[in-house]
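Overview (structure and organization)
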Amino acid sequence: MTTSLRAPEVFASACPLDCPDACSLEVRVEDGRVVKVDGTRLNPVTDGYICSKVRHLPEHLYGPDRILHPARRVGPKGSGDFAVISWDEALDLAAAKMREARERHGGEAILPFYYGGSNGLLTQETTDARLFYRLGASRLARTVCAAATGRAATGLYGKMPGVAFTDFPHARLIVLWGVNPSASGIHQVSLLQEAQRQGARLVVVDPRRTNLAKKADLHLAPKPGTDLPLALAVIRWLFAEGKADLDFLAAHATGGEELRRRAEPWTPARAAEASGVPAVEIERFARLYAESSPALVRCGWGLERNRNGGSAVAAVLALPAVGGKFGVRGGGYVLSNSGAFAFDRAAAVGEPEPSTRVINMNRLGEVLLERQDPPVTVLFAYNCNPLATMPNQEKVRRGLAREDLFTIAFDQVWTDTARWADLVLPATHFLEHEEMSRGYGALVLQRSPAVATPAGEARSNVEVFAEIGRRLGLARPGDPETADELATALLRRSERMRTELEREGIASPDCGPSPIQFVDSFPLTPDRRVHLVPEALDREAPHGLYFFQEEPASDRYPLALISPATSRTISSTFGQLVRRQTPLEIHPGDAAPRGIASGDEVRVWNDLAEVRVKARLNPDLKPGVVLLPKGMWSHNSLSGNTANALAPDTYTDLGEGACFNDARVEVTRA
Ligand SMILES: Nc1nc2c(c(=O)[nH]1)N[C@H]1C(S)=C(S)[C@@H](COP(=O)(O)OP(=O)(O)OC[C@H]3O[C@@H](n4cnc5c(=O)[nH]c(N)nc54)[C@H](O)[C@@H]3O)O[C@H]1N2
Ligand SMILES: Nc1nc2c(c(=O)[nH]1)N[C@H]1C(S)=C(S)[C@@H](COP(=O)(O)OP(=O)(O)OC[C@H]3O[C@@H](n4cnc5c(=O)[nH]c(N)nc54)[C@H](O)[C@@H]3O)O[C@H]1N2
Ligand code: SF4
Ligand SMILES: [Mo]
């Protein structure tokens with residue numbers, strides 16, 4: 001029998017994790033500990049249920065891998081030997097190392113490194129940014145995800161808010177392009193099913209036959225990195241068959257003629273050759289798209305993670321403009337809705353951004369290993385597990401092993417990165433500190449109060465960065481420092497959102513909870529038009545926008561390795577709970593000539609690294625494509641490294657994003 005000191009309490013909360021659904025939650029707390037987490041209906045997308053990862057949150061919060069105290073490395077780098085120290089010692093040490101780096105080499109020797117984290121609004125780019133700006137630290141180009149999609153969406157539409165998930169059932173055709181909601185946003189699946197029940201047709205564009213592809217009316221399986229010719233062929237078809245909406249283009253777009261010219265060479269036959277999708281299927285898709293209304297493109301992130309990613313996303317986002325699909329509920333596109341909310345980030349930071357050097361996070365290994373002026377001597381990783389999630393993992397590991405580098409890892413659990421750090425700081429979880437979260441899919445802003453007692457001595461980002469600032473003499477009177485002060489600063493420009501949030505616990509962006517594109521939401525470009533061939537993007541792409549860069553496979557490395565999201569982790573978050581080995585998925589047609597059977601140990605290798613794992617035959621993959629998921633930890637493979645060790649640190653054509661799915665490999669039996 002359990003004896004409760006305090007009566008159990010139930011709190012309303014919201015999930016800020018890096019997931020488009022932004023669930024509204026109900027959290028049961030006993031004696032300061034979270035005992036149960038479930039979904040509510042406050043955010044209509046949640047519809048009363050949540051994923052199993054967050055339902056099992058107590059295992060993450062109170063499991064053996066939770067970091068409970070600050071700790072200092074006592075063994076060799078990477079040995080995992082640490083001794084507990086007090087917060088006072090830890091903060092003094094962090095401050096001393098940063099002061100020393102700045103005195104010796106200048107502030108740019110300090111590199112803050114952060115990305116997915118909890119994805120909450122208060123725990124990144126608030127007191128942390130203030131500290132690093134005032135130190136004159138290097139700035140980070142946060143490009144590991146959504147860099148190419150972000151550039152394309154900004155260039156074409158100024159990040160216009162997209163169709164609400166809850167409007168899926170209004171569509172007659174839904175195209176899932178490079179997105180797998182069964183893993184990466186489960187609430188979209190029931191809304192898609194509802195749309196199908198109401199007669200909508202479903203098209204899936206994905207190199208593997210996902211669960212949703214099995215239920216689709218049409219599944220196009222391009223080779224990874226070839227969505228661009230596919231989308232251009234559809235655009236060409238729309239113009240050639242007189243199905244382009246020339247009136248819409250004249251009234252609301254620029255660059256229509258130029259786009260048509262660039263799409264012209266992409267006949268279905270030529271696109272078929274480049275993408276591996278039969279020409280008849282391309283035409284069938286084009287006709288279906290032209291004839292359906294409302295037609296919705298749900299564009300994901302799977303198509304951006306390669307050399308052609310930016311142009312591919314731009315071409316996909318051009319479809320609803322060329323096809324005239326806007327202006328009706330359920331028609332248009334949805335990608336990221338992160339731009340839908342107007343926050344006063346500058347007020348929360350309270351310090352202008354300096355013009356210090358910018359370091360691209362995808363090149364972390366190179367930056368740590370190759371001569372830089374000044375060198376990076378302090379790496380401060382928080383909201384991020386770079387050893388598990390950045391490309392060119394072996395280089396990152398060698399960088400972390402550098403004796404003259406001082407690495408601080410600030411996290412909730414003993415990640416692969418934390419094990420290589422010199423100083424480890426315990427972070428609170430979103431139920432242990434006050435957080436505010438906005439969906440980047442669901443169009444909602446919510447608060448999640450601190451409802452549980454922090455595990456061990458864990459402290460929040462907001463608190464820790466403010467305290468380091470004080471120790472370095474960088475704090476100023478009036479700096480917003482508490483969660484409340486930061487929330488007020490962020491919402492300074494929107495009285496409406498602030499009152500809605502206070503009164504209802506949830507708020508919509510200015511475009512409302514379910515905007516119709518070109519009725520309630522318009523391009524946020526200066527002239528409010530769609531720019532189909534924006535000059536800035538055309539200049540940025542190495543060979544111009546919509547230029548197709550050929551397949552990087554070679555005779556030595558003929559297989560394309562993709563690493564999509566799974567339902568087990570969110571990026572690498574929760575990976576400590578996945579104890580099993582993760583197999584390499586390979587098509588039976590690729591396994592047979594290599595003498596590989598399910599369960600065999602295999603070597604997956606290229607010039608960057610070799611990864612040893614078990615094999616699992618998967619007939620749903622496109623032949624020539626192999627799969628190791630994203631988010632694996634070193635304990636999930638036999639060799640202690642993952643898909644990221646095989647991923648090049650090259651850049652996407654727009655936004656200098658990561659090219660995980662440009663990994664080309666050979667697989668042999670071990
Ligand atoms: N459970 C869970 N949810 C998550 C995440 C997670 O890790 N786990 N991650 C979150 C984050 S950070 C993000 S960015 C999103 C990502 O979510 P998604 O947009 O779904 O992105 P991915 O999982 O990278 O890939 C989606 C699909 O693209 C396919 N794909 C791979 N290469 C190509 C290609 O070249 N062309 C096309 N058309 N398809 C391709 C893959 O097979 C995969 O099925 O999900 C978020 N939600
Ligand atoms: N092979 C391959 N790799 C990929 C991708 C891929 O497609 N293929 N996709 C990439 C994508 S889409 C993304 S978004 C990146 C994400 O990569 P990361 O930014 O590394 O994200 P996570 O792996 O979720 O790690 C976030 C860490 O932040 C910690 N954290 C959470 N909340 C807090 C907090 O309040 N304070 C502090 N201090 N820490 C906190 C979590 O415990 C976790 O360890 O990974 C990329 N990596
Ligand atoms: S991770 Fe996604 S599905 Fe799971 S609770 Fe959070 S928002 Fe909902
Ligand atoms: Mo991401």
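Note that this is a predicted model, so its numbers are computed, not measured.

Structural notes on the site of ligand 3
As a structural note, the neighbourhood of ligand 3 is formed by Cys15, Cys19, Ala22, Cys23, Ile50, Cys51, Val54, His187 and Ile570. Taken together, the residues of the shell around ligand 3 break down into eight nonpolar, one polar and no charged.

Things to note about the site of ligand 1
The full set close to ligand 1 counts 35 residues, and Ala183, Ser184, Asp206, Asp227 and Thr569 are the nearest of them. Note that a nitrogen atom of ligand 1 is positioned 3.2 Å from one of the backbone N or O atoms of glycine 302. Between an oxygen atom of ligand 1 and a main-chain N or O atom of serine 571, the distance comes to 2.8 Å. Considering ligand 1 on its own, with 910 Å² of exposed area, one finds that the protein chains cover 98% of that surface. Of the residues that constitute the shell around ligand 1, the class distribution is 15 nonpolar, 13 polar and seven charged. Counting residues domain by domain, the shell around ligand 1 receives three or more from each of domain 2 (155–338 + 515–537) and domain 3 (559–669).

Let's talk about helix H9 (residues 227–240)
The first and last C-alpha atoms of H9 sit 20 Å apart over 14 residues, in line with the 20 Å expected at 1.5 Å per residue. Of all the 14 residues making up H9, 13 are buried; the element is thus mostly covered by neighbouring parts of the structure. Positioned one or two residues after H9, glycine 242 has a phi angle of 70°, which is positive.

A few points about the side chain of glutamine 446
Topologically, glutamine 446 is positioned in strand E19 (residues 445–448). Only 2.9 Å separates the side chain of glutamine 446 from the backbone oxygen of alanine 22, close enough to count as a polar contact. With near-sequence residues (within four places) excluded, glutamine 446 lies in contact with Ala14, Ala22, Cys23, Ser24, Asn43, Met436, Ser437, Leu501, Gly505 and Ile506.

Observations regarding the domain arrangement of the protein
We note that the domain assignment places domain 1 (74–145 + 350–420 + 458–496), domain 2 (155–338 + 515–537) and domain 3 (559–669) within the protein. Between domain 1 and domain 3, the C-alpha centre-to-centre distance is 29 Å. The interface of domain 1 with domain 3 comprises 19 residues on the first partner and 22 residues on the second. Summed over both partners, the interface of domain 1 with domain 3 comes to about 1700 Å²; 45% of that surface belongs to carbon and sulfur atoms. The interface formed by domain 1 and domain 3 includes one salt bridge. Among the ionic pairs, arginine 363 bridges to aspartate 649, the shortest N-O distance being 4.0 Å. Listing elements by their share of the side of domain 1 that touches domain 3, those giving two or more residues are helix H17 (386–389) and helix H18 (393–400). If you tally residues by element for the side of domain 1 that touches domain 3, the top one is H18, at three residues. Of the residues belonging to the side of domain 1 that touches domain 3, the class tally is six nonpolar, eight polar and five charged.

Quick word on the pattern of salt bridges
Inspection of the entire model under this criterion finds 47 salt bridges. In this structure, arginine 329 engages aspartate 167 in a salt bridge whose closest nitrogen and oxygen atoms are separated by 2.7 Å. Taken as a pair, arginine 329 in the loop between helix H14 (309–323) and strand E13 (332–334) and aspartate 167 in the loop between helix H5 (147–157) and strand E8 (173–177) lie far apart in primary sequence, 162 residues in all. For arginine 329, a relative accessible area of 29% corresponds to the partly exposed category. Measuring nitrogen to oxygen at the nearest pair gives 4.0 Å for the salt bridge that ties arginine 459 to glutamate 463. When salt bridges that share partners are traced, they join Asp88, Asp92, Glu467, Arg470, Arg471 and Glu481 into one network.

Some remarks on the sheet that holds strand E3 (residues 33–39)
Taken in spatial order, the three strands make up an open sheet running E1-E2-E3, and their pairing is antiparallel. Strands at the two margins of the open sheet, each flanked by one partner only, are strand E1 (9–14) and E3. Strand-to-strand twist of the sheet, defined as the mean angle between neighbouring strand axes without regard to direction, takes the value 30°. Relative to E3, strand E2 (residues 24–30) runs antiparallel, the two sharing six bridges. Bridge assignment links glutamate 30 to a residue of E3, and that residue is arginine 33.

A few points about the packing of aromatic side chains
We describe a pair of aromatic rings using the distance from one ring centre to the other and the angle between the two ring planes. In total, this model carries 23 aromatic pairs according to the counting rule given. Their ring planes at 55° and their centres at 4.7 Å tell us that tyrosine 382 and phenylalanine 465 sit as a pair that is tilted. Here the residue tyrosine 382 occupies a position in strand E15 (residues 378–382), and phenylalanine 465 occupies one in helix H20 (residues 461–471), the gap between them amounting to 83 residues. Both residues of the pair, tyrosine 382 and phenylalanine 465, count as buried. Its end group placed over the ring of tyrosine 62, arginine 33 keeps NZ or CZ at 4.0 Å from the ring centre.

Some details on the pairing of strand E24 (residues 601–605)
Two elements, E24 and strand E25 (residues 610–617), share five bridges in a ladder whose sense is antiparallel. Within E25, the position partnered with valine 604 by the bridge is valine 611. Between the antiparallel neighbours E24 and E25 lie four residues. Looking at chain direction, E24 and strand E27 (residues 663–669) are connected through four bridges and run antiparallel. Paired with valine 602 across the bridge in E27 is arginine 669.

A word on the sheet that holds E13
Ordered in space as E10-E9-E8-E12-E13, the five strands form an open sheet in which the pairing is parallel. In this open sheet, the two strands that pair with only one neighbour each are strand E10 (218–220) and E13. Direction aside, neighbouring strands of the sheet carry axes that sit 15° apart on average. Relative to E10, helix H13 (residues 279–291) is tilted by about 125°, and along the sheet it contacts E8, strand E9 (201–205), E10 and strand E12 (295–299).

Parameters and conventions
- Residues numbered from 1 in each chain as written.
- Chains lettered and ligands numbered in written order.
- Predicted model: local features only at pLDDT ≥ 70, side-chain atom pairs only at ≥ 80, totals over all residues.
- Heavy atoms only, no water.
- Near = heavy atom within 4 Å.
- Nonpolar A, V, L, I, M, F, W, Y, C, P; charged D, E, K, R; others polar.
- Polar contact = N/O pair within 3.5 Å; in protein donor to acceptor, adjacent residues only side chain to side chain.
- Areas by Shrake-Rupley, 256 points an atom, 1.4 Å probe, with all protein chains shown as cover.
- Domains from an automatic or database assignment.
- Helix = DSSP H or I, 4+ residues; strand = E, 2+ residues; numbered from the N terminus.
- Expected span 1.5 Å × (residues − 1).
- Buried < 20%, exposed > 50% of the residue type's maximum accessible area, 1.4 Å probe, protein only.
- Contact = heavy atoms within 4.5 Å.
- Buried area = accessible area lost by both parts, 1.4 Å probe.
- Salt bridge = Lys/Arg side-chain N within 4 Å of Asp/Glu carboxyl O.
- Pairing = 2+ DSSP bridges.
- Axes fitted to C-alpha atoms, helices over the stretch in contact; angles between N-to-C directions.
- Phe/Tyr/Trp six-rings, centres within 6.5 Å; stacked < 30°, edge-to-face > 60°.
- Lys NZ or Arg CZ within 6 Å of the ring centre and 35° of its normal.

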